[in-house]
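Residues per chain are reported as follows:
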Amino acid sequence: MPPHASPALLELLTRLGLCTSADVASMAARVRRLTRTLPDFDQAWVDALAQARILTAYQAGEINAGRAEQLAVGPYIIEQPLDSLGYATVFRARLRATPNTPLARVSHWRRTLRRVGLIRQTPCTRVRLAVIDAASAQAEPSLVANLEELRERSRRVKSPYVAPIRTVGRAGGQLWAAADYRNDMTAAERLTRFGRFDPTAVLIIARQMAAALAACSPAGIVHGDVSARTLLIGADGRTQLAFPGLRQLVRPHETERCETLGPEVFDYLSPQRAADAPAAESDDYFSAALVWWHLLAGRAPRAAATAQEKLHAARSLKIPNITHLASDIPAALLSALRTCCEQSPMARPTSAAAIEQKLGPPPRRCERTLARALDQPGARRLQWGSTPAPRRWSRSAWRAGAIAAGCMLMIVAGTWPQWQPLVTRKLAEEVAPTIKIAAPTVAATPAPLPKPITPTAPPTANGPWPSSTWENGELVLAPGEPIAVEQFKLTGPTTIRSRLGQRATIAAPQAGWRLSGAEVRFENIDFVADAKNLNDPLIRLDVRRVEFVGCSWQHQRQSTGPALVWNPPAGGGRDDDVLLRGELHLADCLLQHIGSAIHYDGRGSALVELANVLHLGPGALVQLDSAPQRGQLLELTASHVTLREAAGLLTVNCNAIPTDPGQFLIVTDDCVLCPSTGVGLLNFVGVEQPAALLQAVAWRGQGSVMPQHATLCLWRDGEGTARGADDEKLQAAGLVRSPLDFSGEKSAGPAANRVVRWQAPRQSPEPPGIRETKPMPSGALR
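The shown structure was predicted, so the numbers you read here are calculated from the model rather than taken from an experiment. (Residues numbered from 1 in each chain as written. Predicted model: local features only at pLDDT ≥ 70, side-chain atom pairs only at ≥ 80, totals over all residues. Heavy atoms only, no water.)

Asker: I'm lost on the packing of aromatic side chains in this one. Help?
Answerer: When we look at a pair of aromatic rings, we describe it by the centre distance and by the angle of the planes. One pass over the structure, following the stated rule, counts 10 aromatic pairs. Their ring planes at 40° and their centres at 6.4 Å tell us that tyrosine 58 and phenylalanine 91 sit as a pair that is tilted. Placement of tyrosine 58 in helix α4 (residues 57-64) and of phenylalanine 91 in strand β3 (residues 88-95) is noted, with a sequence separation of 33 residues between them. Their ring planes at 35° and their centres at 5.2 Å tell us that tryptophan 566 and tyrosine 600 sit as a pair that is tilted. On the criterion of sequence distance, the pair formed by tryptophan 566 in strand β22 (residues 564-566) and tyrosine 600 in strand β24 (residues 594-600) is long-range, its members being 34 residues apart. Side by side, tryptophan 566 and tyrosine 600 carry an identical accessibility label, which is buried. Cluster of aromatic residues (ring-pair linked, three or more members): Trp465, Trp513, Phe522, Phe527, Phe548 and Trp553. A cation sits over an aromatic face here: arginine 190 above phenylalanine 197, 5.3 Å from the ring centre. The lysine or arginine in question, arginine 644, covers the ring of phenylalanine 742, its NZ or CZ lying 4.1 Å from the ring centre. (Phe/Tyr/Trp six-rings, centres within 6.5 Å; stacked < 30°, edge-to-face > 60°. Helix = DSSP H or I, 4+ residues; strand = E, 2+ residues; numbered from the N terminus. Buried < 20%, exposed > 50% of the residue type's maximum accessible area, 1.4 Å probe, protein only. Lys NZ or Arg CZ within 6 Å of the ring centre and 35° of its normal.)

Asker: Whenever I open this one, helix α12 (residues 281-297) confuses me. Can you help?
Answerer: The α-helix advances 3.6 residues per turn, and as a result positions three or four apart in sequence lie on the same side. Helix length check: α12 (17 residues) gives 25 Å between terminal C-alpha atoms against 24 Å at 1.5 Å per residue, within 8%. Counting buried positions along α12 yields 16 of 17 residues, so the element is predominantly enclosed. The positive-phi residue at the C-terminal boundary of α12 is glycine 298, with phi of around 85°. (Expected span 1.5 Å × (residues − 1).)

Asker: What is the right way to read empty space enclosed by the protein from this model?
Answerer: If a probe the size of a water molecule is rolled over the atoms, the empty space left behind becomes visible. Scanning all chains against the criterion turns up 6 cavities of 30 Å³ or more. Forming the boundary of the largest cavity are 15 residues, of which Gly224, Asp225, Tyr268, Leu269 and Ser287 lie nearest the centre. The biggest single contributor to the lining of the largest cavity is α12, with 3 residues. By residue class, the composition of the lining of the largest cavity is 5 nonpolar, 3 polar and 7 charged. (1 Å grid on protein atoms, 1.4 Å probe; cavity = no way out; pocket = protein on both sides within 12 Å on 5 of 7 lines; lining within 4 Å. Points joined across faces, edges and corners; volume = space filled by probe spheres on them. Nonpolar A, V, L, I, M, F, W, Y, C, P; charged D, E, K, R; others polar.)

Printed below as a string of structure tokens:
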């Protein structure tokens, strides 16, 4: 070491094993040849070692910040940080170089040969190191013994799709676990860089993940943290699940110390793990399905801002239907995803082998297929995590290329007189046949025009009712007189609509029009009631997912019948979202002279979503026959909805309230809620006092208004006595009392039911309630 360098720096670097004295001496000789002088402060030496790639940039920064001792963890030296697991920090590390190890004696030559590309780093010297924080290590005194047992079990895992724990230990109050290292991206990092995955690639990844879980099962290992952070994707197309079994040892109870972690740590938790149940293999299957969902959609399956909200979402909220966000999903992958996402563990696959059977085993050359599917234009496939070295041309190569080009030009110029005539003759022979001499014009009889081709069969097929046809798999109704429909069973996802630019009318039969199936969508249809069924519903829907776009409902005057009686099939079928019993969506719709808009029995979790809806009553918007049970959730989302002289937003039957009721989540954005006199926005009707139900209501939103005299919450007991609750009992976020003026009479159409005066702070100049820019059906107003 030259005399100008600090002996303390050399002692620190060699003691920690960051480099050897030969590395520093070689660096000093290089600096002497270039500058003839040597720096006399340590930071310049550290930066020089980093420029020479003897130290990484992360190591140089830690040394300059005075945290060099933290780079040594057990027998390893940290090189750079990787994607964190939340409960543990992950680094790329290598074995420490000490004077007594063969690694130290050959480290300089190994590094030199690797730098020129003659050898590659041997896998045994690099590890993926997970460092567990001191709080978790102190909270679990037996964690070291459990980690040792996990290491012994990991030795029995023999699969190329698993990166099990190889070594564990304790160092200075911290616990660490090391796994084999490959220069792979995590799925989370790749999603950030390149976006969502191709469905074919996700199918291959799912097959490899199923094989990985199947290999862990015989060893008695439950992974416990199947996520985009532990899924490693190599450039060669091979995936690995890292650190199996680590999370359930560090975090046996997910609700403890959750506020110190980021919300992304709880993205893939099963409902059972979110409720602090012990980890089981069925939880791994649920988490794997959410990872596939994330890869297909490009975003996390649950949206929340904090860890507490993520845990709440994992316990109660729904997983959106992946077919609404991604297309062309292989049938095997879609079936496995829906099966693994079942809320009940008993409904999920019994083993990873069953998932493999559903997905199919990884085929031969699947890694090569996955590598091609994941390859990005302009990206090097061999090393994803590193920057490829630029190709450098030597001066002799440039000189040789210039000489060869000059010789070629001299040869062409010298021989041009000999072969120029041959080229000219050849071109003339090729061009001559294409030259045509104009002939004298001769009058000729023009050929008759071809007759139009008449189709042998009509392009459409008859539908189930007169004036209805099937077009491209959609049932199209003709405008004109009301169509008398009959009972109709849906064989699959079906769209029933009117012709483009027109509106069709359906006259509901007595006792209501009943439909049953999995999914149905209505577009631009007016539903009217027969004169004989004044108190019957217009539609009875035994359908799991329903959408109405641009539709209207109208009963005869003085009618008490609802527009929709919705009873989605119980049991959580696997044809749609498994965490919900059903979904009901209304957009750009109008309801008038009806008892209630939506009548739901209240059994099971459900989602009701309304956007740009005008409800003129006189009934409530949503009516429940019973309160939700424990663990169930009714989510009512309203955006730009106007209620005018209606019997409130929600009415709940309180004759039999559960001891531990479920939850109500109400979200109102930019709505005008003007109930009738004597009723509230929330109405509880029954003999039992609804205090428990009132505590289960969570009201969120922004920009909504209600009249100053209106009641927010009202209870009508068995004798008919109405009792209002103070506004302090229910915190309705984003709902402001304000004087309201409408542009016209209630029965004059949608344009007359827009507000023209209000007093409430808003983020947009657009008035609340129904939008002027969105089309609203008006033909049903009679």
